[in-house]
Amino acid sequence: MYDIRHTRLTKWLNDGIPPAQVAEWAGNSVAVLLATYARCVDGQLPDLKRRLEAAGDLPEAEAEAEVPGAG
């Protein structure tokens, strides 16, 4: 039974369902859910980058390379 639960929660997270919603369905806090399942979440970075770029919130490469206080 636990394997089915683990598989379902992992799938929901990988499908992009917000962790707060998955935690509610699982009866866990978000902290407990992510402590257990964060390592299982895979493949969302390209979608997140696309969404951030569309919103204009993705830092430029030069800004990422800068270290505050250096120089």
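(A) Here's a closer look at helix α2 (residues 19-26). Within α2, the full set of buried residues consists of V22, A23 and A26. The arc enclosing the buried residues of α2, seen along the axis, measures out at 100°, which places them on a common side. Close packing links the buried residues of α2 with α1 (2-14) and α3 (30-37).

(B) Representation of the packing of α1 against α3 in the model. Contact pair α1 / α3: the axes reach a minimum separation of 11 Å and the direction vectors enclose 100°. On the basis of the axis angle, α1 is roughly perpendicular to α3. Each of Y2, R5, H6, L9, T10 and L13 in α1 lies in contact with α3, whose residues at this interface are L33, T36 and Y37.

(C) Representation of the packing of aromatic side chains in the model. Using the criterion set out here, one finds 1 aromatic pair in the structure. Between W12 and W25 the ring centres are 4.8 Å apart and the planes differ by 65°, which places this aromatic pair in the edge-to-face class. Here W12 is found in helix α1, whereas its partner W25 is found in helix α2, with 13 residues between them in sequence. Judged by relative accessible area, which is 22%, W12 ranks as partly exposed.

Thresholds, definitions, all that
- Residues numbered from 1 in each chain as written.
- Predicted model: local features only at pLDDT ≥ 70, side-chain atom pairs only at ≥ 80, totals over all residues.
- Heavy atoms only, no water.
- Buried < 20%, exposed > 50% of the residue type's maximum accessible area, 1.4 Å probe, protein only.
- Helix = DSSP H or I, 4+ residues; strand = E, 2+ residues; numbered from the N terminus.
- Arc of directions from axis to C-beta.
- Contact = heavy atoms within 4.5 Å.
- Axes fitted to C-alpha atoms, helices over the stretch in contact; angles between N-to-C directions.
- Parallel < 35°, antiparallel > 145°, perpendicular 65-115°, else oblique.
- Phe/Tyr/Trp six-rings, centres within 6.5 Å; stacked < 30°, edge-to-face > 60°.

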